[in-house]
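Summary of the model geometry
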Amino acid sequence: MAKQFDREQKQAINITGTNVLVSASAGAGKTGVLVERLTKRAVTDRIRISRIVAMTFTQAAAEEMKKRLAGRLNEEYRKATETEEREFLKTQLAQLQSADITTIDSYCLNIIKKYYSTIGLDPKTTGRILDGGTESLYKNQAFYRCLADMQKTESEKLTRLLIFFSPRSEDYSSLYAAVQAINQHAQASMNPEEWYDDAILKYRSVTSLSEIHADILKAFYDSFISDLEIAGSCLEQMQIFAADDEKINPDTLMEENNLITNCMNRLQERKWESFRTSLENLVLHTTSANGKNKPYTDSRKKLDSIKKDMLAKAYPEEILIHDHNEMQETVSLLIRIAKESWKNFREIKKQNACMDFTDMERFAYEILTRNNGTVASVIRNSLDEILVDEFQDTSELQNAIITIISNGHNVFRVGDVKQSIYRFRQAKPDLMRSLMHDPDTYQITLRHNYRSKDSIVRFTNTLFQKIMNIEGCQDTYTDLDTVSIGENNAYQQEEKLHPVIFAHLPKDAMKENNPDSFSAKKAKADW
């Protein structure tokens, strides 16, 4: 091998015959492992490059992987002494330029170009990918065509919906943005039609809060829990600033803490009216005041503001139920507008024989599942290895495509759920979470960081342990996630460590005209 790899990295490079999931945090040498695995498969295992698919998240990443793989193959070619081996490597290098080391969108486009007739797609469509400007124009046309149709049949309902989004009758921008956001979610799902129907059903009429859909109810309660947690943080600050203040009665702070705890317990028990009673008691309770203790007073004011804001939106259950049921008609119409707008958009694209990036995955999936999976079977039999990089940002539809073309034991996935940043594109880190507990998927965790200094690595471990191991967090930071610096890497060691200092500097202390304090410039210079 061109470089030294640790035990877990060697495992990831060499294991075959099973699906593999590699959890690789930042700086773990993931790209090097991927390139070395590709080299091993192409050289040692004698798998032709044409029988390997490697999917990356960006085209730049794909080009970088190709470049590094070419370098490794050239190294192996120079070392080879047998004529047959040199000829084989020469063929591998020749095939590398056209190899399927690409983004999943590009891979899907290749499927469409080759098998477009399977779904009766106009061949012109494969060469006409909408640019951003034209796509926006077509979506705009589709949206206004839908509104024009609904104006003829549901004028009053449409008017009420428009008023809901904007007081200006001529302003459609907010409604348009909502429609596009809805369609983005729907079209990334496995079954868009089903997604639209489920969205409407979530707002069915109810007679009690407990009947509201679980997703909506969770978001509702979580918003109040979040407010209470912030209130608790304010109280903690008050207790710190009151420690040496004789004018502040600590009993009032303890009572405040008990009242916040009562409110939190009622929310977690989903007892809404009991929570409202506890919240009223919390709002009526007052803590000791001392205007001369400014940090304490600032935190106290913030706490009081949070309590009043919570009370203002904690409506009685009957009002919440009434509002929810009234929303049913509004949501139903909104979803129908989104659905019809998308149909219009699809029709406009069909008329102009073009497609957008969303269509690439959708058309590819349709091709792979049509005719009892005939095309999927052909592709499946042509592949020995499927590598997927940045798996934490894979969508449900993308994962379905990967699964369909796999033979069941040749998918190598790499990712890190802590780095999932594309949920707005419908990335599903839950897919990776579920595979982390799949007995049929071999699990490997890259435990070393080769990029950062030791103090940074240890600080990151401590930080993630604090912020991820809390109630409500979807992921935890366990001993398995804890990383250390790379083995025998002297440059990551540090002779002298500098402590991180957190200083509480009140805003007024940073003002230039405060004679009792220091200036912002001086504070920066002292630091």
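Read on for a plain summary of the structure. (Residues numbered from 1 in each chain as written. Predicted model: local features only at pLDDT ≥ 70, side-chain atom pairs only at ≥ 80, totals over all residues. Heavy atoms only, no water.)

**Some remarks on unusual backbone geometry**
- The phi torsion at Asn372 lies on the positive side, around 60°, for a residue other than glycine.
- Considering the arrangement of structural elements, one finds Asn372 in the loop between helix H15 (357-369) and helix H16 (374-381). (Helix = DSSP H or I, 4+ residues; strand = E, 2+ residues; numbered from the N terminus.)

**Re the packing of helix H5 (residues 104-115) against H15**
- Their axes nearest at 8 Å, the elements H5 and H15 cross at an angle of 55°. Comparing the axis directions of H5 and H15 gives the class oblique. Our pair here, H5 against H15, has a crossing hand that is left-handed. Contact residues: Ile104, Asp105, Cys108, Leu109, Ile111, Ile112 and Tyr115 in H5; Phe357, Asp359, Met360, Glu361, Phe363, Ala364, Ile367 and Leu368 in H15.
- In the contact of H5 with H15, the residues fall into 12 nonpolar, no polar and three charged. (Axes fitted to C-alpha atoms, helices over the stretch in contact; angles between N-to-C directions. Parallel < 35°, antiparallel > 145°, perpendicular 65-115°, else oblique. Left-handed = near helix turned anticlockwise from the far one by under 90°. Contact = heavy atoms within 4.5 Å. Nonpolar A, V, L, I, M, F, W, Y, C, P; charged D, E, K, R; others polar.)

**Some words on the packing of aromatic side chains**
- Taken as a whole and judged by the stated rule, the model has 14 aromatic pairs.
- Considering the side-chain rings of Trp272 and Phe275, the 5.3 Å spacing of their centres and the 40° angle between planes classify their relative orientation as tilted. In this pair, Trp272 and Phe275 are both assigned in helix H12 (residues 272-284), three residues apart and thus about one turn of the helix distant.
- Take Trp272: its relative accessible area is 3%, and that puts it in the buried class.
- Residue classification places Phe275 among the buried positions, given a relative accessible area of 0%.
- Every member of this aromatic cluster is reached through a ring pair, and the members are Phe220, Tyr221, Phe224, Trp272 and Phe275. (Phe/Tyr/Trp six-rings, centres within 6.5 Å; stacked < 30°, edge-to-face > 60°. Buried < 20%, exposed > 50% of the residue type's maximum accessible area, 1.4 Å probe, protein only.)

**Considering the side chain of Arg266**
- Here Arg266 shows up in helix H11 (residues 250-268).
- Side-chain polar atoms of Arg266 contact the side chain of Glu269, separated by 3.0 Å.
- Setting aside anything within four residues of it in sequence, one finds Arg266 in contact with Lys271, Ser274, Phe275 and Ser278. (Polar contact = N/O pair within 3.5 Å; in protein donor to acceptor, adjacent residues only side chain to side chain.)

**Some points on empty space enclosed by the protein**
- Taken as a whole and assessed by the stated rule, the structure comprises one cavity of 30 Å³ or more.
- Within this model, the largest cavity holds a volume of roughly 40 Å³.
- What lines the largest cavity is simply Lys139, Ala142, Gln180, Asn183, Ser341, Trp342 and Phe345.
- Looking at the lining of the largest cavity, the elements that each hand over two or more residues are helix H6 (132-153), helix H8 (173-187) and helix H14 (317-351).
- Here the lining of the largest cavity gets three residues from one element, more than from any other, and that element is H14.
- Here the residues of the lining of the largest cavity are counted per class, giving three nonpolar, three polar and one charged. (1 Å grid on protein atoms, 1.4 Å probe; cavity = no way out; pocket = protein on both sides within 12 Å on 5 of 7 lines; lining within 4 Å. Points joined across faces, edges and corners; volume = space filled by probe spheres on them.)

**Describing H16**
- Here H16 has its buried residues at Val375, Ala376 and Ile379. Seen end-on, H16 carries its buried residues on one side only, within an arc spanning 100°. (Arc of directions from axis to C-beta.)

**Side note on the pattern of salt bridges**
- If you walk through the whole model with that rule in mind, you get 32 salt bridges.
- Measuring nitrogen to oxygen at the nearest pair gives 2.8 Å for the salt bridge that ties Arg41 to Asp45.
- Exposure remark for Asp45: the relative accessible area of 26% places this residue in the partly exposed category.
- Here Arg266 ties to Glu269 by a salt bridge, and the two come within 3.0 Å at their closest N and O atoms.
- Look at Arg266 and you get buried, because its relative accessible area is 19%.
- Look at Glu269 and you get partly exposed, because its relative accessible area is 39%.
- Here the residues in one salt-bridge network are Glu36, Arg72, Glu75, Glu76 and Lys79, joined through shared partners. (Salt bridge = Lys/Arg side-chain N within 4 Å of Asp/Glu carboxyl O.)

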